[in-house]
Each structure stands twice: as C-alpha cells, then as structure tokens.
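# Descriptive analysis of the structure
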Amino acid sequence: MFDYKIDTTDKAALYRDLYAACEAITMGEDDAIANMANIAALLWQYMPDLNWAGFYRMKNDALILGPFQGKAACIHIPLNKGVCGKAASSGEIQCINNVHEFEGHIACDAQSVSELVAPISDSQGNIIAVIDLDSPSANRFDTQDVEGIAQIAKLLRHRINT
Ligand code: SME
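Heads up: these notes are all about the structure in this document. (Residues numbered from 1 in each chain as written. Predicted model: local features only at pLDDT ≥ 70, side-chain atom pairs only at ≥ 80, totals over all residues. Heavy atoms only, no water.)

Counting 34 residues, the largest nonpolar core has Leu18, Leu43, Met47, Ile131, Leu133 and Ile149 as the members making the most contacts within it. Among the secondary structure elements, those contributing two or more residues to this core are helix H1 (11-26), helix H2 (32-46), strand E1 (52-59), strand E5 (114-121), strand E6 (127-135) and helix H4 (143-156). Considering every element that reaches this core, the biggest residue donor is H2, with seven residues. Discounting chain neighbours no more than four positions away, the residues touching Ile131 are Leu43, Gly54, Phe55, Leu116, Val117, Ala118, Ile120, Ile149, Ile152, Ala153 and Leu156. In terms of nonpolar packing, the next biggest core, distinct from the first, is built from 17 residues, Ile77, Ala87, Val99 and Ile127 among them. (Core = buried A, V, L, I, M, F, W, Y, C linked by side-chain atoms within 4.5 Å. Buried < 20%, exposed > 50% of the residue type's maximum accessible area, 1.4 Å probe, protein only. Helix = DSSP H or I, 4+ residues; strand = E, 2+ residues; numbered from the N terminus. Contact = heavy atoms within 4.5 Å.)

Below, the structure is given as structure tokens:
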C-alpha cells in the first residue's frame, strides 16, 4: 500500500507533495505503463475538480490513449486535432479556459470545460506522450497548475521512456 502525505491546503503545497509522490512511486520502475497508471491515479486522487486525468502516448505519428482515470475516452487523436494534438505537435503546454471556444477541440466527455495538456519529451526532445487533465469548471487551471504539471511532465521524461 502506498500512503503519501499530500497537503492540499494550497496549490504550492499540493504540487510540492504531488511531485515528491510522483518521484517516489516511479523510482526504480522502468515500465512506462505501470508508471503512467500510478501517476494518473495520484493526480486523480489529489487534484480537485477534475473529470479526467491521464495520458496519451505518441505512436506512429499520432496520439493513442494511455492509462487514465475518468470516463472511457477517444482512442486515437491525430496531431492536428484537439488540445492534446496541439500540445504534442507544438511541444507547448496548453491551458484552455473553455474548450468550447477552442477550434478543433475533441469532446470525449461533454462535461469537460477547461483542459490542461502538458507534452512529455524524451532526452532528445522528441514528444513521447502528453498528460491530459480535464475539468467540468471553466478557468480551472492557472499558472501554478501549468508550472506544477510541467514539472511532473519533466520528471516523467526519464520514467516513461520505453
Ligand atoms: N479533449 C481532448 C481529447 C482527450 S479527452 O479530453 C480525454 C482534446 O481536445 O484533445
């Protein structure tokens, strides 16, 4: 059993503790799927106001569904589609306050309103996956979320490289 102490009183504390938990739970484990599954579970358990948390993996120049928590989701995402495709093709984190105003957004769950997608690159700079977080609330994610998830994405570079 894993029992992490995650302080959820403010975002600084939350991301400090989440980062440490993500580092600890993936330490010494080289199986990418196992690591993504545990990270999705940690983000889902401790981040408030989410309706989906998980990964898409780069495969044959497109994104394919990876380990996640939430409702069943779209399996294939082309790189020119959706918030995830934009993050993977640009290599830049996408923080969308209202996905209904994002051209090309893919509605896997009609409840999703805001979305944060962080690309994960390997040590050569190739995008290997994205972390995707969805919320039923508008403007759910701010600069602290962007920074916190970017740090976790950076950590995972060495933990999900197959
Ligand atoms: N909404 C995403 C698709 C993935 S789901 O949210 C799980 C997008 O536009 O890329």
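Still more to cover.
What follows concerns the packing of aromatic side chains. Across all of its chains, the model carries two aromatic pairs by this definition. Relative to Tyr56, the ring of Trp52 has its centre 5.8 Å away and its plane inclined at 25°; by these criteria the two rings are stacked. Accessibility expressed as a relative area gives 5% for Trp52, which makes it buried. A centroid spacing of 5.0 Å and a plane angle of 15° characterise the contact between Trp52 and Phe68, whose relative ring orientation is stacked. (Phe/Tyr/Trp six-rings, centres within 6.5 Å; stacked < 30°, edge-to-face > 60°.)

Summed over all chains, the structure comprises one disulfide. A sulfur-sulfur separation of 2.1 Å characterises the disulfide bridge that pairs Cys74 with Cys108. The sign of the -125° torsion about the S-S bond sets the Cys74-Cys108 disulfide as left-handed. Highlighted residues: Cys74 in the loop between strand E2 (62-70) and strand E3 (76-78) and Cys108 in the loop between strand E4 (94-96) and E5, separated in sequence by 34 residues. Unpaired in this structure, Cys22 has its nearest cysteine sulfur neighbour in Cys84, at a distance of 18 Å. Cysteine Cys95 shares no disulfide, and the gap to the nearest cysteine sulfur, in Cys84, comes to 13 Å. (Disulfide = S-S within 2.5 Å.)

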